[in-house]
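# Structural characterization, general
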Amino acid sequence: MISEREAPVSKIIREDEALVIVWEDGAESVFSHAWLRENAPENRFLALGRSAAPHHAYRDVYSPWSVSIEYDETLVISWAGLREVNRFSLLTLKNSLPDVESAELALSAD
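A quick note: this is a predicted structure, and the numbers were derived from the prediction, not measured. (Residues numbered from 1 in each chain as written. Predicted model: local features only at pLDDT ≥ 70, side-chain atom pairs only at ≥ 80, totals over all residues. Heavy atoms only, no water.)

A complete count under the given rule lists one aromatic pair for this structure. Arranged with centres 5.1 Å apart and planes meeting at 40 degrees, the rings of F31 and W35 form a pair that is tilted. The exposure class of F31 is buried, given its relative accessible area of 0%. Relative accessible area serves as the criterion here: at 9%, W35 is assigned to the buried category. Geometry around W79 places R37 over its ring, the cationic atom sitting 5.4 Å from the centre. (Phe/Tyr/Trp six-rings, centres within 6.5 Å; stacked < 30°, edge-to-face > 60°. Buried < 20%, exposed > 50% of the residue type's maximum accessible area, 1.4 Å probe, protein only. Lys NZ or Arg CZ within 6 Å of the ring centre and 35° of its normal.)

Attention now goes to unusual backbone geometry. In most cases, non-glycine residues show a negative phi, while peptide bonds are predominantly trans. Of note in the backbone geometry, Y71 takes a positive phi value of approximately 55 degrees without being a glycine. If you trace the backbone, Y71 turns up in the loop between β6 (64–70) and β7 (74–79). Unlike most non-glycine residues, D72 shows phi in positive territory, near 55 degrees. Considering the arrangement of structural elements, one finds D72 in the loop between β6 and β7. (Helix = DSSP H or I, 4+ residues; strand = E, 2+ residues; numbered from the N terminus.)

The three strands are arranged β1-β2-β3 in an open sheet whose pairing can be described as antiparallel. The two strands at the open ends of the sheet, each matched to only one other strand, are β1 (9–14) and β3 (28–32). Each strand of the sheet is rotated relative to its neighbour by a mean of 20 degrees, with strand direction disregarded. As judged from the five bridges shared by strand β2 (residues 18–23) and β3, these two strands associate in the antiparallel manner. Paired with V20 across the bridge in β3 is V30. (Pairing = 2+ DSSP bridges. Axes fitted to C-alpha atoms, helices over the stretch in contact; angles between N-to-C directions.)

Looking now at the pattern of salt bridges. Evaluated as defined, the whole model comprises three salt bridges. With a closest N to O distance of 3.5 Å, E70 and R87 form a salt bridge. Of the two residues, E70 is situated in strand β6 and R87 in strand β8 (residues 85–89); the sequence distance between them amounts to 17 residues. Looking at R87, the relative accessible area reads 39%, which means it is partly exposed. (Salt bridge = Lys/Arg side-chain N within 4 Å of Asp/Glu carboxyl O.)

In this section: the environment of V20. Tracing the backbone shows V20 in strand β2. Remark: the alpha-carbon pair of V20 and V30, spanning ten residues in sequence, is separated by 4.5 Å. For V20, the residues in contact, after removing those within four places along its chain, are K11, I12, I13, E15, E28, S29 and V30. (Contact = heavy atoms within 4.5 Å.)

The next subject is the sheet that holds β6. On the basis of which strands lie adjacent, the open sheet formed by three strands has the order β6-β7-β8 and antiparallel pairing. Unpaired on one side and paired on the other, β6 and β8 mark the two borders of the sheet. With direction set aside, neighbouring strand axes in the sheet form an average angle of 20 degrees. Relative to β7, β6 is paired through six bridges, and the arrangement is antiparallel. By the bridge assignment, I69 is partnered in β7 with L75.

Listed below in structure tokens is the structure:
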């Protein structure tokens, strides 16, 4: 388990199809926009543990309008074309491993 001290972010790189989070410990995490939209806490059925929409529903549709970090513990994403803001716990993201297909698609878009 990652402790709070290990979650701070060094920088966030905005790619065409993904966000790359570079953690202060030097590790990097790649999260495709589709994965972030699908796995946003606001877009999940909590009881079922499944996303509210199929994975392909968000692919190539939305990109972040703005990305920021709130209180050194929350990633905040505003989506272009939506009146929606998603918030992710940095600890949760640090401990998350997006599915391989999602990460490969995001990286192959470059």
